[in-house]
Structure formats: structure tokens, C-alpha cells
Amino acid sequence: MTDLIPSLASVADDYDAVFCDLWGCLHNGQTPFPAAVAALRAFRAQGKTVLLLTNSPRPKGSVIAQLARIGVPTDAWDEIVSSGDATQYALLSGLVGNRVHHIGAAKDETFFTDLPADAPAFPIIRVPLTEAEGVVCTGLKDDLTETVEDYRATLLMMKTMGLTMLCANPDLIVDLGERRLYCAGALAQEYESMGGAALYYGKPHPPIYDLARRRLAALTGQDEARILAIGDGIGTDIQGGIGEGIDTLFVTAGIAAGEFGPDPARPDPARLRAWLEAQQLSPTYAIPFLA
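(A) Broad picture of helix 8 (residues 234-243). Burial in helix 8 covers these residues: Ile234, Thr236, Asp237, Ile238, Gly240 and Gly241. On the buried face of helix 8, the contacting elements are helix 7 (206-220), strand 12 (227-231), strand 13 (247-251) and helix 9 (269-279). Positioned one or two residues after helix 8, Gly245 has a phi angle of 75°, which is positive.

(B) Summary view of the side chain of Asp143. Along the chain, Asp143 turns up in the loop between strand 7 (134-137) and helix 5 (152-161). Separated by 3.4 Å, the side chains of Asp143 and Lys107 make a polar contact.

(C) Looking closely at the nonpolar core. In this structure, Leu8, Leu40, Leu52, Leu228, Ile230, Leu249 and Leu290 are the most contacted members of the largest nonpolar core, which totals 31 residues. Secondary-structure elements contributing two or more residues to this core are strand 2 (17-20), helix 1 (34-45), strand 3 (49-54), helix 2 (60-70), strand 12, strand 13 and strand 14 (285-287). With five residues, the single largest contributor to this core is helix 1. Among residues more than four places away in sequence, those in contact with Ile230 are Leu8, Val18, Phe19, Cys20, Asp21, Asp237, Leu249, Val251 and Leu290.

(D) Just the packing of aromatic side chains, in detail. Summed over the entire model, instances satisfying the criterion amount to four aromatic pairs. Their ring planes at 85° and their centres at 6.1 Å tell us that Phe250 and Phe260 sit as a pair that is edge-to-face. You can see Phe250 sitting in strand 13 and its partner Phe260 sitting in the loop between strand 13 and helix 9, a full 10 residues away along the chain. Assessed through its relative accessible area of 1%, Phe260 is described here as buried. A ring pair is formed by Phe250 and Trp275, whose centres lie 5.7 Å apart and whose planes are at 10°; its orientation type is stacked. With Phe250 in strand 13 and Trp275 in helix 9, the pair connects residues that are 25 residues apart, well separated along the chain. This pair shows no difference in class: Phe250 is buried, exactly as Trp275 is. Through successive ring pairs, a cluster of aromatic residues spans Phe250, Phe260 and Trp275. The ring of Phe112 carries Arg126 above its face, with NZ or CZ at 4.2 Å from the centroid.

Analysis parameters
- Residues numbered from 1 in each chain as written.
- Predicted model: local features only at pLDDT ≥ 70, side-chain atom pairs only at ≥ 80, totals over all residues.
- Heavy atoms only, no water.
- Buried < 20%, exposed > 50% of the residue type's maximum accessible area, 1.4 Å probe, protein only.
- Helix = DSSP H or I, 4+ residues; strand = E, 2+ residues; numbered from the N terminus.
- Contact = heavy atoms within 4.5 Å.
- Polar contact = N/O pair within 3.5 Å; in protein donor to acceptor, adjacent residues only side chain to side chain.
- Core = buried A, V, L, I, M, F, W, Y, C linked by side-chain atoms within 4.5 Å.
- Phe/Tyr/Trp six-rings, centres within 6.5 Å; stacked < 30°, edge-to-face > 60°.
- Lys NZ or Arg CZ within 6 Å of the ring centre and 35° of its normal.

Functional significance is not addressed by these values, which are geometric in nature.
Below is the structure:
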């Protein structure tokens, strides 16, 4: 049974660290949520650790820059791990060869330039699709105007060539203010429906959690920290946390807000319970907004 709680503070004593999602929990892509910032600051003030765990396809440095642009203060978090970070390690291990085609926006270029210092020194050559050994998808080239259907011909060619896609963001959709946009996960899902092979490195898949645990241990010196995973994605944040055997806090007013009644600040407990049963997932806790 999922407990609907009023605040992070009400359960904070049970945890040493949180793995907190960004989009939908800490900000909406344009502005931070003040109550969420205050909650994470208060958690850190108790000597606990906030690790921001995001399915952003861009590496940690780019995520830090984005948070700064939209006004998320640096004292609300200790460390960041992105899906882009985890995907870089896979790419630089030679998993899909070194001749790689990129599907994604110009804003994602740092995926290929801002590389982790401890990554393998594997040469990556970016090529047209017709010359590729594999594909890295960080998202749509223009997520403000394009849809998955715009990529059908590209995906069919990839399937014909037998190429594997590295998906740097398993999210299907994201809300930018009031707009709903497609993410790399939507392209990977479509590719798999055609019979293509896609590999995922963000939530809910293990690679991003393995990297997060390593960075948390390096930061705190603890190998067995008590962790709470926070997020609004039932199939990413919550499913991933449950799969890792850690407690989870589901933010109901995020991407699934419309499922729980007309007032996001007051989710209907019966509707929430029925929806979670339909998802066949049971978060440890739920909360309207991170606060």
C-alpha cells in the first residue's frame, strides 16, 4: 500500500540520500519549483545527500549549465548523474562500433564533446546513416515541431541495415511548461516495434543506477546508503527504483497529474490507488508536489 505523505521531511529520517528526478519534480523545463528546492535544501541541511538522477541525454556538465540557466540553486543538490553520462560509457566501450550516426538536436552536441575523464579512449567517428555501424539517439532534431512519425523512414532504413540504437533518454514524453514533447525513448520504442534493437541506459534500466551508486559512494564514503528515489515517471523513476530494491516517492502532480482528479494539489486517493493497481507498481510513498 502506497502512503500519501505531506512532505519529504516527514520521512527524511529514514534515508541517507535521495535520487531525485529533475523535470516534473524540481522544475518544469523553464522555472524551478520553490517548494521542491526548499525540500531538498532542508534534506541536505540534515547532513544528507541529494543526487539528481535525470534521463537527460546530455552529460553532467550540460545539465549543470541548464539548471543554472533556469535558476535552480547549486545548494539544492550534491551530485548529478544523467542518462547521457551512462550512455557515453557504453558508446566509448565500442558497443556499436566507432562509426556512429547521431539522431538528435544541436543542443545535444555536448554528448560527443564533454566526455568523462575516466571513459575508455575509443575513437568515435560520426557519419551519415548509410555509413554507420550503430546509432546514438539523444532525441528528436526539433522536438518543438517534430513527431515520431517524421522518423519512420529513418527507422526503417536502420532496421534494414541491422543497426543497434543506443537510446540516451528512455523517457517517451516530457512537459515543457504547458507543451508536451517527444523524447528519444519514443523513437526507440517505435524502432523496437519494427523489430529493431535498442539499448537503454537511463531510468528504469540498471546502468544509470550503477553509475549513481558509484558516484554516491565516492561522495559520501558509504557503500550501503539508505536511498529514496523521487520522481513523477511511474515507468522510469518508480519502476527503476523498485527494480533496484530502494524505496520510492511518486510525485503525482507531474506527468500523470490528470489521472488523479481536477486539483493536482489534492490527488484523489481512490483514483490514485486504482491507477497504481493498473500500473502494477506500488511506490512506497506518494506526494502531490515535492515539498
